[in-house]
Amino acid sequence: MYVKEVFSIWRLLKGIWPGVLAVTAYAALVFYLYQYQGWHFLIFPISIISVVGTALSLLLGFRTNSAYDRWWEARKSWGAIVNDSRTLIRQSLSFIKAEPNEKSAIVDNITHLQIAWCYALCNSLRRESVLINAHLHLTEQELDYVSRHDNIPNAILFLIQERLNYAFDKQYLSTLFFQNIDDTLSRLCDSMGQCERIKNTIFPTQYSFFVHFIIFLFTLILPMGLIESLGRIAIPITFLISFLFFYVEGISYVMQSPFEGNHNDIPMTSLSRTIEINLLQLIDAPLIPDKILPKDGYIM
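Cut-offs applied
Residues numbered from 1 in each chain as written. Predicted model: local features only at pLDDT ≥ 70, side-chain atom pairs only at ≥ 80, totals over all residues. Heavy atoms only, no water. Helix = DSSP H or I, 4+ residues; strand = E, 2+ residues; numbered from the N terminus. Rg over C-alpha atoms; globule rule 2.2 N^0.38 Å. Buried < 20%, exposed > 50% of the residue type's maximum accessible area, 1.4 Å probe, protein only. Contact = heavy atoms within 4.5 Å. Areas by Shrake-Rupley, 256 points an atom, 1.4 Å probe, with all protein chains shown as cover. Lys, Arg positive; Asp, Glu negative; His and termini not counted. Charge placed at Lys NZ, Arg CZ, Asp CG, Glu CD. Expected span 1.5 Å × (residues − 1). Salt bridge = Lys/Arg side-chain N within 4 Å of Asp/Glu carboxyl O. Core = buried A, V, L, I, M, F, W, Y, C linked by side-chain atoms within 4.5 Å. 1 Å grid on protein atoms, 1.4 Å probe; cavity = no way out; pocket = protein on both sides within 12 Å on 5 of 7 lines; lining within 4 Å. Points joined across faces, edges and corners; volume = space filled by probe spheres on them. Axes fitted to C-alpha atoms, helices over the stretch in contact; angles between N-to-C directions. Parallel < 35°, antiparallel > 145°, perpendicular 65-115°, else oblique. Left-handed = near helix turned anticlockwise from the far one by under 90°. Nonpolar A, V, L, I, M, F, W, Y, C, P; charged D, E, K, R; others polar. Patch = residues over 30% accessible without salt bridge, like charges linked within 9 Å, V, L, I, M, F, W, Y side chains within 5 Å. Phe/Tyr/Trp six-rings, centres within 6.5 Å; stacked < 30°, edge-to-face > 60°.

**Student:** Requested: an account of the overall build of the protein, with residues and values cited.
**Tutor:** Within the protein, the regular secondary structure consists of 10 helices and zero strands. For the protein, the α and β elements follow one another from N to C terminus as α-α-α-α-α-α-α-α-α-α. For the protein, whose C-alpha radius of gyration is 27 Å, the value lies well above the compact-globule estimate of 19 Å for 300 residues. Counting only C-alpha atoms, the protein reaches 95 × 30 × 30 Å along its principal axes. The 300 residues of the protein split such that 43% are buried. In the protein, 74% of the contacts between residues at least 6 apart in sequence involve partners at least 24 apart. In the form shown here, the protein has an accessible surface area of approximately 16100 Å², with 61% of it arising from carbon and sulfur atoms. Side-chain charges of the protein comprise 23 positive and 26 negative groups, with the mean position of each set lying 7 Å from the other.

**Student:** So what about helix 10 (residues 268-282)? Which residues, and what values?
**Tutor:** The periodicity of an α-helix, 3.6 residues per turn, causes residues three or four positions apart to be oriented the same way. With 15 residues, helix 10 should reach 21 Å at 1.5 Å per residue; the first-to-last C-alpha distance of 21 Å fits that figure. Restricting attention to buried positions, one finds in helix 10 the residues Met268, Ser270, Leu271, Ser272, Ile275, Glu276, Ile277, Leu279 and Leu280. Close packing links the buried residues of helix 10 with helix 3 (46-95) and helix 4 (100-125). Among the residues trailing helix 10, aspartate 284 stands out with phi positive, at a value near 60°.

**Student:** Give me the pattern of salt bridges: which residues, what numbers.
**Tutor:** For the coordinates displayed, the defined rule picks out nine salt bridges. Linking glutamate 142 and arginine 163 is a salt bridge whose minimum nitrogen-to-oxygen distance equals 3.1 Å. In this pair, glutamate 142 sits in helix 5 (residues 140-146) while arginine 163 sits in helix 6 (residues 152-169), placing the two residues 21 residues apart along the sequence. In this structure, the salt-bridge partner of glutamate 276 is arginine 273, at a minimum N-O distance of 3.4 Å. Placement of both glutamate 276 and arginine 273 in helix 10 is noted, with a separation of three residues, approximately one turn of the helix.

**Student:** Run through the nonpolar core, naming residues and quoting values.
**Tutor:** Trp78, Trp117 and Phe259 are the most contacted members of the largest nonpolar core, which has 54 residues in total. Contributing elements (two or more residues each) for this core: helix 3, helix 4, helix 6, helix 7 (175-200) and helix 10. With 13 residues, the single largest contributor to this core is helix 4. When sequence neighbours within four positions are dropped, the list of residues in contact with phenylalanine 259 reads Ala74, Trp78, Leu125, Arg126, Cys195, Ile198, Lys199, Asp265, Ile266 and Met268. Within the second largest apolar cluster, 20 residues are counted, among which are Val52, Val211, Phe218 and Phe245.

**Student:** Would you mind going over the layout of surface pockets in detail, with residue names and values included?
**Tutor:** In this approach a probe as big as a water molecule rolls over the atoms, and the regions it shows empty are the leftover space. Within this model, the second largest pocket holds a volume of roughly 170 Å³. Surrounding the second largest pocket, Ser124, Leu125, Arg127, Val130, Asp150, Asn151, Ile152, Pro153, Glu196, Lys199 and Asn200 form its lining. Every element with two or more residues in the lining of the second largest pocket is listed here: helix 4, helix 6 and helix 7.

**Student:** Quick one: what's the story with the packing of helix 8 (residues 205-230) against helix 9 (residues 234-255), residue by residue and with numbers?
**Tutor:** In the contact formed by helix 8 and helix 9, the axes pass within 9 Å of each other and the chain directions differ by 160°. Between helix 8 and helix 9, the interaxial angle falls into the category roughly antiparallel. The chirality of how helix 8 crosses helix 9 is right-handed. In contact with Val211, His212, Ile215, Phe218, Thr219, Leu222, Pro223, Leu226, Ile227 and Leu230 of helix 8, helix 9 contributes Ala234, Ile237, Thr238, Ile241, Ser242, Phe245, Phe246 and Glu249. In terms of residue class, the contact of helix 8 with helix 9 is made up of 13 nonpolar, four polar and one charged.

**Student:** Can you explain the packing of helix 3 against helix 9? Please cite residues and give values.
**Tutor:** Helix packing for two helices is described by the angle between their axes and how far apart those axes are. Across the interface, helix 3 lies against helix 9 with an axial gap of 8 Å and an inter-helix angle of 25°. Between helix 3 and helix 9, the angle falls in the class roughly parallel. Seen from above, helix 3 lies across helix 9 with left-handed handedness. Facing Gly53, Leu56, Ser57, Leu60, Arg63, Thr64, Ala67, Tyr68 and Trp71 of helix 3, the residues of helix 9 in contact are Phe245, Val248, Glu249, Ser252, Tyr253 and Met255. For the contact of helix 3 with helix 9, a count of residues per class yields nine nonpolar, four polar and two charged.

**Student:** Go over a nonpolar patch on the surface, please, and point to the residues and values.
**Tutor:** A surface patch of nonpolar side chains, amounting to about 490 Å² of accessible area, comprises Phe209, Phe213, Phe216, Leu217 and Leu220. Relative to the helices and strands, phenylalanine 213 resides in helix 8.

**Student:** Residues and numbers for the packing of aromatic side chains, please.
**Tutor:** Throughout the structure, instances matching the rule amount to nine aromatic pairs. Ring geometry for phenylalanine 243 versus tyrosine 247: centroids 6.0 Å apart, planes at 5°, classification stacked. Of this pair, phenylalanine 243 and tyrosine 247 both sit in helix 9, four residues apart, which is roughly one turn of the helix. We classify tyrosine 247 as partly exposed; its relative accessible area is 25%. What links up through ring pairs into an aromatic cluster is the set Tyr68, Trp71 and Trp72.

**Student:** Quick one: what's the story with the environment of leucine 217, residue by residue and with numbers?
**Tutor:** Tracing the backbone shows leucine 217 in helix 8. Residues leucine 217 and valine 52 lie 165 residues apart in sequence; the distance between their C-alpha atoms is 8.7 Å.

So this is what it looks like as structure tokens:
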């Protein structure tokens, strides 16, 4: 995710310059054919171009808002994960009543399982090796167990539930406190499901194709409508207008997939590290990792 308030113009052009240059070259060709070859039939009514441009603006606005809604829902889900992870360990420390050594063993185990769950969810959403970083917080038996599951984060949640069940069976947790912690675990499961829904539900392909087609059609007729009244000035005007539409469409394309590991991705690795630091400090762990700092203006 970008963390700078100032965005580089070169970064803006990086993904869209081929299309913008092609449209500008096309506008220059239309001007040449009209001005020097006498191809006056290239003139296109500006009123029709205005209608197409207005329709395209509405379509792009809807697409961008829909893409942003997906991105923001993903960010809210991970915000809830951060909060509920802290709540889970805080409740475990406060609600579990046992001998100090026994309590420490249970809470420490739950803490490391929760940290492993965050990393495993992050990796699974990015289609990476799921146990990267997560394996550091799992025992050999736990690793063997979760490795047999298709959904490793879900398996880790089950292990946390087992630890809570053990504490309840031993009467280290009262019924009310157990229910409160179970509610927190349910919210974590809900957040995981929301992230998986966003990841596995693609943006409607037919809608994306239709927007691409309208942009292509609009940039095809745009210089024909400007060339008669503006002359050679139509070339830079075409460049600016096409740049605007290509850029807005590019923004929506990137934001509609917030878990792909690009520069606009939700910073799940950084959030997981923040959770790891916070939870380890709660249990007074001897080794606390460093925060992940932004690199080149973005953080993952």
